[in-house]
Amino acid sequence: MSERIILHKNNRFEVSLWAQDEESGKLTSVSVSHALNAYGLLLAGLGSCTTDILLVYAMNHGLDLKEVQVELDYERDYKKDCENCEKVKEYSEYITMELRFLGNLTAEQMQKLFQISRLCPIHKMLKNGVEVRSEMKKE
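Report follows, based on the coordinates. No experiment lies behind these values; they were computed from the predicted model shown.

Section: the packing of aromatic side chains
In step 1: Tallied over the full model, the rule gives 1 aromatic pair.
In step 2: Ring centres of Tyr-39 and Tyr-74 lie 4.5 Å apart, and the angle between their planes is 20 degrees; this geometry places the pair in the stacked category. Of this pair, Tyr-39 sits in helix H1 (residues 38–60) while Tyr-74 is found in strand E4 (residues 65–80), placing the two residues 35 residues apart along the sequence.
In step 3: Of note, Arg-76 hangs over the ring of Tyr-91, and the distance from its end group to the ring centre comes to 4.6 Å.

Written out as structure tokens, the structure reads:
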């Protein structure tokens, strides 16, 4: 199982979003959130939070960051009990995030922005885990 999105945001916080079509595998422009599945929404949230943190940091520190592009991939790798059987023993999940900074930036500034990208609250939540408490409300 995999999911891929590309989120592009400029320094006016205008967003462009592309998602991988489940049937063709091609990236297509997305204009509404219901076009994404649950994994795509999670990736879009992580990408949007990350780009916001970076653009605000750049503005507050006088960096010439014009645009940020984030390519996010969700992957699930399955491990089977044996080589020739269908039974899945366990699986691992991971998100790969690739950042591109557009603007007049030095290598040092880009490295600092990369470090700042890890301070996104959604990134921290996913990395550290979060407890989900569910309850059913009675009418």
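Remarks on the packing of H1 against helix H3 (residues 121–128)
In step 1: Packing of H1 against H3 brings their axes to within 7 Å, and their N-to-C directions diverge by 130 degrees. Here H1 lies oblique to H3, going by the angle between them. On H3, the residues touching Leu-42, Gly-45, Leu-46, Cys-49 and Ile-53 of H1 are Pro-121, Ile-122, His-123 and Leu-126.
In step 2: A breakdown of the residues in the contact of H1 with H3 according to their chemical character gives 7 nonpolar, 2 polar and no charged.

Some words on unusual backbone geometry
In step 1: Despite not being glycine, Phe-13 shows a phi value in the positive range, around 65 degrees.
In step 2: Position of Phe-13 among the secondary structure elements: in the loop between strand E1 (2–10) and strand E2 (15–20).
In step 3: With relative accessibility at 33%, the residue Phe-13 sits in the partly exposed group.

Describing the pairing of E2
In step 1: Pairing of E2 with strand E3 (residues 27–29) involves 3 bridges; the strand directions are antiparallel. Across the sheet, residue Gln-20 finds its bridge partner in E3, namely Leu-27.

Brief notes about the pattern of salt bridges
In step 1: Under the defined criterion, the tally for this structure stands at 10 salt bridges.
In step 2: A salt bridge links Asp-73 to Arg-4; its shortest N-O distance comes to 2.6 Å. With Asp-73 in strand E4 and Arg-4 in strand E1, this residue pair connects regions lying 69 residues apart in the sequence.
In step 3: Assessed through its relative accessible area of 13%, Asp-73 is described here as buried.
In step 4: With a relative accessible area of 28%, Arg-4 lands in the partly exposed category.
In step 5: Between Glu-14 and Arg-12 there is a salt bridge, and its shortest N-O distance comes to 3.0 Å.
In step 6: Using a relative accessible area of 42% as the deciding quantity, one classes Glu-14 as partly exposed.
In step 7: Classification of Arg-12 by relative accessible area gives exposed; the value is 58%.
In step 8: The network of salt bridges with shared partners includes Arg-4, Glu-71, Asp-73, Glu-98 and Arg-100.

Thresholds applied
- Residues numbered from 1 in each chain as written.
- Predicted model: local features only at pLDDT ≥ 70, side-chain atom pairs only at ≥ 80, totals over all residues.
- Heavy atoms only, no water.
- Phe/Tyr/Trp six-rings, centres within 6.5 Å; stacked < 30°, edge-to-face > 60°.
- Helix = DSSP H or I, 4+ residues; strand = E, 2+ residues; numbered from the N terminus.
- Lys NZ or Arg CZ within 6 Å of the ring centre and 35° of its normal.
- Axes fitted to C-alpha atoms, helices over the stretch in contact; angles between N-to-C directions.
- Parallel < 35°, antiparallel > 145°, perpendicular 65-115°, else oblique.
- Contact = heavy atoms within 4.5 Å.
- Nonpolar A, V, L, I, M, F, W, Y, C, P; charged D, E, K, R; others polar.
- Buried < 20%, exposed > 50% of the residue type's maximum accessible area, 1.4 Å probe, protein only.
- Pairing = 2+ DSSP bridges.
- Salt bridge = Lys/Arg side-chain N within 4 Å of Asp/Glu carboxyl O.

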